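Examination of the molecular architecture
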Amino acid sequence: MAGIFVTLFTYCIFRTSWDFSLLLGAVATATAPASTIMTIKQYHARGEFVRLLLQIVALDDAVCLLAFSFASAIVSSNVNGAFSIQAIGLPILYNILAIAAGCLCAWALFKSHARRSPLLLLNFTGVYPVLKSTIFRRLIDWLNDLRQRL
């Protein structure tokens, strides 16, 4: 709701363009997790509720990143003068691929934790740049080639 209100308010009151208002609205969806985390630390809170609360705070920031990615795709397609589904679809596809990769890493970490392998986290942090530079780069190049053919 904050994103919608900020978008409408900046467009109607300040008379900014829709593109700028949309970007400001997407940024307004973010919340600062610092106050929540500091309150938890101050009271030494533990338990299921705290764990759920921290997951919700992280999910809220992830939703903000997705909203900003979607808004920036719309704005960039408007600025280029050619509003196309591809200009909006590719960033969404990239986000879906990133979420899938994150889910895969989370699953692997969950399975490795059951087998007491704490070094897997170090392996992921060491392997991720290599994966990003090779596999993800090739995937992005392939998607760009596909986009140019269409």
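For the structure, check the block above.
First things first, this report covers the structure right here in the doc. (Residues numbered from 1 in each chain as written. Predicted model: local features only at pLDDT ≥ 70, side-chain atom pairs only at ≥ 80, totals over all residues. Heavy atoms only, no water.)

What follows deals with the packing of helix α2 (residues 18-28) against helix α4 (residues 48-79). Running from amino to carboxyl end, α2 crosses α4 at an angle of 170°, the nearest separation of the two axes being 8 Å. As summarised for this structure, α2 and α4 are arranged roughly antiparallel, according to the angle between their axes. Counting all contacts with α2, which are made through D19, L22, L23, A26 and V27, the residues of α4 involved are C64, A67, F68, A71, S72, I74, V75, N78 and V79. For the contact of α2 with α4, the class distribution of residues is 11 nonpolar, 2 polar and 1 charged. (Axes fitted to C-alpha atoms, helices over the stretch in contact; angles between N-to-C directions. Helix = DSSP H or I, 4+ residues; strand = E, 2+ residues; numbered from the N terminus. Parallel < 35°, antiparallel > 145°, perpendicular 65-115°, else oblique. Contact = heavy atoms within 4.5 Å. Nonpolar A, V, L, I, M, F, W, Y, C, P; charged D, E, K, R; others polar.)

This paragraph deals with the environment of N144. Mapping N144 onto the fold places it in helix α6 (residues 119-149). Taking the C-alpha atoms as reference points, N144 and L90, 54 residues apart in sequence, are found 8.9 Å from one another.

A separate point is the environment of I40. Take I40: it is sitting in helix α3 (residues 34-42). For the pair I40 and L53, spaced 13 residues apart in sequence, the C-alpha to C-alpha distance is 9.7 Å. If we ignore the near neighbours within four places in the chain, the residues touching I40 are A45, V50, L53 and L54.

A side chain of one charge can pair with a side chain of the opposite charge if their charged atoms are brought near each other. Evaluation of the coordinates by the stated rule reveals 1 salt bridge. With a closest N to O distance of 2.9 Å, E48 and R51 form a salt bridge. Within this pair, E48 and its partner R51 are both found in helix α4, separated by 3 residues, close to a single helical turn. E48 gets classed as exposed once you look at its relative accessible area, which sits at 58%. (Salt bridge = Lys/Arg side-chain N within 4 Å of Asp/Glu carboxyl O. Buried < 20%, exposed > 50% of the residue type's maximum accessible area, 1.4 Å probe, protein only.)

The next subject is unusual backbone geometry. Of note, R15 is a non-glycine position whose phi angle comes to about 55°, a positive value. Looking at R15, the relative accessible area reads 68%, which means it is exposed.

Bringing a nonpolar patch on the surface into the picture now. Taken together, M1, I4, F5, L8 and W18 make up a surface patch of nonpolar side chains, about 580 Å² in accessible area. Element by element, the count of residues in the nonpolar patch is highest for helix α1 (residues 2-12), at 3 residues. Mapped onto the elements of the fold, I4 is located in helix α1. (Patch = residues over 30% accessible without salt bridge, like charges linked within 9 Å, V, L, I, M, F, W, Y side chains within 5 Å. Areas by Shrake-Rupley, 256 points an atom, 1.4 Å probe, with all protein chains shown as cover.)

With that out of the way, let us pick up the side chain of N95. As for its placement among the helices and strands, N95 is situated in helix α5 (residues 85-114). Of the polar contacts made by the side chain of N95, one reaches the side chain of S69; its length is 2.9 Å. With residues near it in sequence (within four places) discarded, N95 still touches L66 and S69. (Polar contact = N/O pair within 3.5 Å; in protein donor to acceptor, adjacent residues only side chain to side chain.)

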